[in-house]
Every structure is written in structure tokens, then in C-alpha cells.
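Structure at a glance
Spelled out, the chains give:
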Amino acid sequence: MPRKAQYNVEAVLDQAIDIFLEHGYHGTIMDEIIARTEFNRRGFYIEFGSKQNFLYLVLSHYQQYYLKKMMQHLESNLGLPSINAFFEAYVAHVKGKGCLLINCITELGFDDAKIREIGRHYLDSLQIDFIGCLEKAQALQQLHPQTNIESAALQLTSYVQGFAVNAVLAGDTDELQLATRALLGPMARQ
């Protein structure tokens, strides 16, 4: 009869998010993963196979339990208020630490096709959600009628990536909130 696992995989994945955010993929060593997740090395490799496979599971967990919550603001599709709510939640989430997915794309994207695929899917979904919100904003007359929606959605998606990187540099300051207001303010119809 197989033995019941003596660990909570979700809790292990949550702890790993912090480890990868602190050190990046290449800077994270197995000894720290083992120590902080209270896993034993043999059990880790039986459960996850490799550090790389583990990272893929961590990213999936991160998207499902963290990024998806922020995306729900956009999926509510209330126009500009949805975009504002997304950026407010995103800035609060990345402040001082960055975004695990964007960090992994930056660190591993050239060499790891799966990371590129995960990243491309996320950014495409984000851009599509921005397009939907911008179209709604235009229909509700919240947005200048001449706004090129696809271009604006691409710009917003690029800002998400930049905010994730700047969050690490800005630390615990209010720079990202100021940047968000500067970005979204001119879009609104006066």
C-alpha cells in the first residue's frame, strides 16, 4: 500500500515562489529549496523530477493563484475602471519583488522554449483582456474616440512587463503608483 504524502504540495509551491523571486532560477540552489520547503532531496526528485520541472509547476501555481486574481479585474470588463483595478492590484503584488513569471521570462526566455510559451500565452491573454476593456471603455465614452485600441493594449501589456522589472528597482517606493496614474490618466476622456 502506498504511503500518504507528508507534505502539502500547494504550500511547497507557495514557498518556492518566494525562493525563486529572491534568487532567480539560476541563483536558487537545491539545498535552499529543500531546507525552506522541508522536503527531503529524494522525495523532491520523486515528486518533481528536476529543478526545471519544479519551476514549471511553481509557475503554473503562480499563474493560477496570483496572476489570475489580478486578471479577473480585466475580465470583469467595466472599461477603464477594470484596467485601473488591474494595475492597482498588480503594482501592489509586484512592489519590491517583481513578478515571478516576468522574472523567469527575462532570465530564461532565450534558452527555454517552455518558458517562452508560458510567457507568450500570458502576455497574449493580457493583451486580449486589455483590448476588451478598451473597447468597452470606448463604448461607454470613457476613452477618447480616436484611441487606437490595439496599439493602446500593446502599450499596456508592455507596461505590465516594465512595471514588473521596475518594481525590483523601485523597492518599496510609490514610483509605480505615480507611473500608473501618468499612464492611465491621459487615456480617459475629459
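This text goes with the structure placed above it.
This write-up is about the structure you can find in this document.

A closer look at the pattern of salt bridges
The full count for this structure, using the stated rule, is five salt bridges. A salt bridge links glutamate 22 to arginine 36; its shortest N-O distance comes to 2.8 Å. You can see glutamate 22 sitting in helix H1 (residues 9–27) and its partner arginine 36 sitting in helix H2 (residues 30–37), a full 14 residues away along the chain. Across the pair aspartate 174 and lysine 95 runs a salt bridge, and its minimum N-O distance is 3.5 Å. Here aspartate 174 is found in the loop between helix H8 (149–170) and helix H9 (175–184), whereas its partner lysine 95 is found in the loop between helix H5 (80–94) and helix H6 (100–108), with 79 residues between them in sequence.

Topic: unusual backbone geometry
Unlike most non-glycine residues, glutamate 38 shows phi in positive territory, near 55°. Of note in the backbone geometry, asparagine 77 takes a positive phi value of approximately 50° without being a glycine. In this structure, asparagine 77 sits in the loop between helix H4 (51–75) and H5.

Overview of a nonpolar patch on the surface
Together, Val165, Val168 and Leu169 make up an exposed nonpolar region whose accessible area comes to about 280 Å². Here valine 168 is to be found in helix H8.

Examining the side chain of aspartate 112
Among the secondary structure elements, aspartate 112 is positioned in the loop between H6 and helix H7 (113–139). One buried charged side chain, aspartate 112, makes no salt bridge at all; its nearest oppositely charged neighbour is arginine 116, positioned 6.7 Å away. Among the polar contacts listed, one links the side chain of aspartate 112 to the side chain of tyrosine 56, at a separation of 2.7 Å. Within polar-contact distance, the side chain of aspartate 112 engages the backbone nitrogen of lysine 114 at 3.0 Å. In contact with aspartate 112, other than residues within four places in its own chain, are Gln52 and Tyr56.

With respect to the packing of aromatic side chains
One pass over the structure, following the stated rule, counts 15 aromatic pairs. Above the plane of the ring of tyrosine 56 lies lysine 114, whose end atom (NZ or CZ) is 5.4 Å from the centre.

Topic: the packing of H4 against H7
Between H4 and H7, whose axes approach to 11 Å, the crossing angle comes to 5°. Relative to H7, the element H4 is oriented roughly parallel. Touching Leu55, Tyr56, Leu59, Gln63, Leu67, Met71, Leu74 and Glu75 of H4 are Lys114, Ile115, Ile118, Tyr122, Ser125, Leu126, Asp129, Phe130 and Cys133, all from H7. Split into classes, the residues belonging to the contact of H4 with H7 amount to 12 nonpolar, two polar and three charged.

A look at the environment of glutamine 177
Secondary-structure assignment places glutamine 177 in helix H9. Of the residues examined, glutamine 177 reaches a relative accessible area of 25% and is grouped as partly exposed. Residues in contact with glutamine 177, not counting those within four places in the same chain, are Val91 and Lys95.

A short note on the side chain of glutamine 127
Structurally, the position occupied by glutamine 127 is in helix H7. The buried category is assigned to glutamine 127, whose relative accessible area is 18%.

With respect to the state of the cysteines
Put plainly, two cysteines are in a disulfide when a covalent bond ties their sulfur atoms together. Tallied over the entire structure, the rule returns zero disulfides. With no disulfide of its own, cysteine 99 lies 8.7 Å from the sulfur of cysteine 104, the closest cysteine sulfur. Classification of cysteine 99 as buried rests on a relative accessible area of 0%. Counting only cysteine sulfurs, cysteine 99 is the nearest neighbor of cysteine 133, a cysteine outside any disulfide, at a range of 18 Å. The buried category is assigned to cysteine 133, whose relative accessible area is 0%.

Scoring rules and cut-offs
Residues numbered from 1 in each chain as written. Predicted model: local features only at pLDDT ≥ 70, side-chain atom pairs only at ≥ 80, totals over all residues. Heavy atoms only, no water. Salt bridge = Lys/Arg side-chain N within 4 Å of Asp/Glu carboxyl O. Helix = DSSP H or I, 4+ residues; strand = E, 2+ residues; numbered from the N terminus. Patch = residues over 30% accessible without salt bridge, like charges linked within 9 Å, V, L, I, M, F, W, Y side chains within 5 Å. Areas by Shrake-Rupley, 256 points an atom, 1.4 Å probe, with all protein chains shown as cover. Buried < 20%, exposed > 50% of the residue type's maximum accessible area, 1.4 Å probe, protein only. Lys, Arg positive; Asp, Glu negative; His and termini not counted. Polar contact = N/O pair within 3.5 Å; in protein donor to acceptor, adjacent residues only side chain to side chain. Contact = heavy atoms within 4.5 Å. Phe/Tyr/Trp six-rings, centres within 6.5 Å; stacked < 30°, edge-to-face > 60°. Lys NZ or Arg CZ within 6 Å of the ring centre and 35° of its normal. Axes fitted to C-alpha atoms, helices over the stretch in contact; angles between N-to-C directions. Parallel < 35°, antiparallel > 145°, perpendicular 65-115°, else oblique. Nonpolar A, V, L, I, M, F, W, Y, C, P; charged D, E, K, R; others polar. Disulfide = S-S within 2.5 Å.

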